[in-house]
Amino acid sequence: MKQGMLTVIAQQEIAPNIFELILQGELVKAMEKPGQFLHILVPQKDLLLRRPISINQFNRENLTCHLIYRVEGQGTKAFTQLLPGDKVDCLGPLGNGFDISALKAGDIAYIIGGGIGVPPLYELSRQLVKKGITPIHFLGFAKKEVVYYAEKFQALGESLFATDDGSFGMKGNVSHLLEERTKESPAAVFACGNNGMLKMVDAKYQNHPNAQISMEARMACGVGACYGCVCHVKNEPTKSVKVCDEGPIFKTGVIVL
Ligand code: FAD
Ligand code: FES
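Since we're looking at a predicted model, the values are computed, not measured.

K.L.:
Is there a simple way to explain the overall build of the chain in this structure?
P.N.:
The helix and strand inventory of the chain stands at five helices and 16 strands. Rg of the C-alpha trace for the chain: 18 Å, near the compact-globule value of 18 Å for 257 residues, within the 12% margin. In terms of overall dimensions, the chain has a C-alpha envelope of 50 × 45 × 35 Å along the principal axes. Residue pairs in contact within the chain that sit at least 24 positions apart in sequence constitute 63% of those at least 6 positions apart. Mean positive and mean negative side-chain charge positions of the chain (27 and 25 charges, respectively) differ by 2 Å.

Here it is in structure tokens:
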């Protein structure tokens, strides 16, 4: 288990209640796969459980990594108080991460994200582009005000957006974007977002040979010891998997959503 202190370099509110936190430290050396996460001790003594937050991007040369989180409850609220120079106790990188090993230069990959599921897809897309793979992004948000990283995804490849109220991109959600896109067959499909969106992707690509979804589950230990994060496996009622160490990425068609 890797545990270390990362130092806050900067923190900024990039959309209402959505913060980007830049951290620096030795732990970044171990970061490798997109879709992994850090399990972070909340800087508030009465909150004992760590909070899992995906790694949005990392740079092993200057030992920095970015996290993007939305304020939900007390833990994430406490993160907003972090200032440059503060130390953050992190476990990680944890989880299996997206597997991009089967893809080759010239392939097309669909990257599907919604709301606060979008952050880890940025590092994924960067790594795909480095391998010569063409990412096509399908990103959904509630409304224009909460859209973030639009230009950054556009800089990596074609990016299609949907918002519930139509204030940015198409009116609707990512399933509408996917319905309209019929001109190519992607070599891989990657998705991260809310359960409804994952269900849609899981159903649509259940027989695809390389389609992967990132699951969310409430976590305690984060390292496979407490069984607090289990999900059930389809067609195998007695079998379960732990999201923290066997996931959070699973092939489509495997998990009961
Ligand atoms: P509270 O509701 O007060 O939390 C109470 C408890 O429930 C805490 O133990 C908390 O960890 C747990 N909890 C609450 N909501 C969730 C949730 N959705 N998933 C897991 N545990 C939850 N959020 C982001 O904004 N950005 C990310 O990049 C991100 N990546 C994640 C990656 C993984 C693998 C997982 C499992 C979750 C991720 N989340 C992410 C969700 C984030 O962990 C929760 O929003 C956060 O833990 C809420 O903590 P809180 O104290 O503010 O809220
Ligand atoms: Fe403890 Fe996954 S959170 S086993």
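From this point, the discussion proceeds with the structure in view.
K.L.:
Mind showing me how you'd approach the pattern of salt bridges here?
P.N.:
Any two side chains of opposite charge can pair, so long as their charged atoms come close to each other. Taken as a whole, this structure holds nine salt bridges when the rule is applied. Glu123 is the partner of Arg126 in a salt bridge, and the nearest nitrogen-oxygen pair spans 3.1 Å. Residue Arg126 and its partner Glu123 are both found in helix 2 (residues 119–130); the two are separated by three residues, about one turn of the helix. Taking the relative accessible area as the measure of exposure, Arg126 reaches 21% and is therefore partly exposed. The exposure class assigned to Glu123 is buried, which follows from its relative accessible area of 2%. The salt bridge partner of Arg181 is Glu184, with a shortest N-O separation of 2.7 Å. The burial state of Arg181 is the same as that of Glu184; both residues are buried. One continuous salt-bridge network, built from bridges that share partners, spans Glu158, Arg181 and Glu184.

About the cut-offs
- Residues numbered from 1 in each chain as written.
- Chains lettered and ligands numbered in written order.
- Predicted model: local features only at pLDDT ≥ 70, side-chain atom pairs only at ≥ 80, totals over all residues.
- Heavy atoms only, no water.
- Helix = DSSP H or I, 4+ residues; strand = E, 2+ residues; numbered from the N terminus.
- Rg over C-alpha atoms; globule rule 2.2 N^0.38 Å.
- Contact = heavy atoms within 4.5 Å.
- Lys, Arg positive; Asp, Glu negative; His and termini not counted.
- Charge placed at Lys NZ, Arg CZ, Asp CG, Glu CD.
- Salt bridge = Lys/Arg side-chain N within 4 Å of Asp/Glu carboxyl O.
- Buried < 20%, exposed > 50% of the residue type's maximum accessible area, 1.4 Å probe, protein only.

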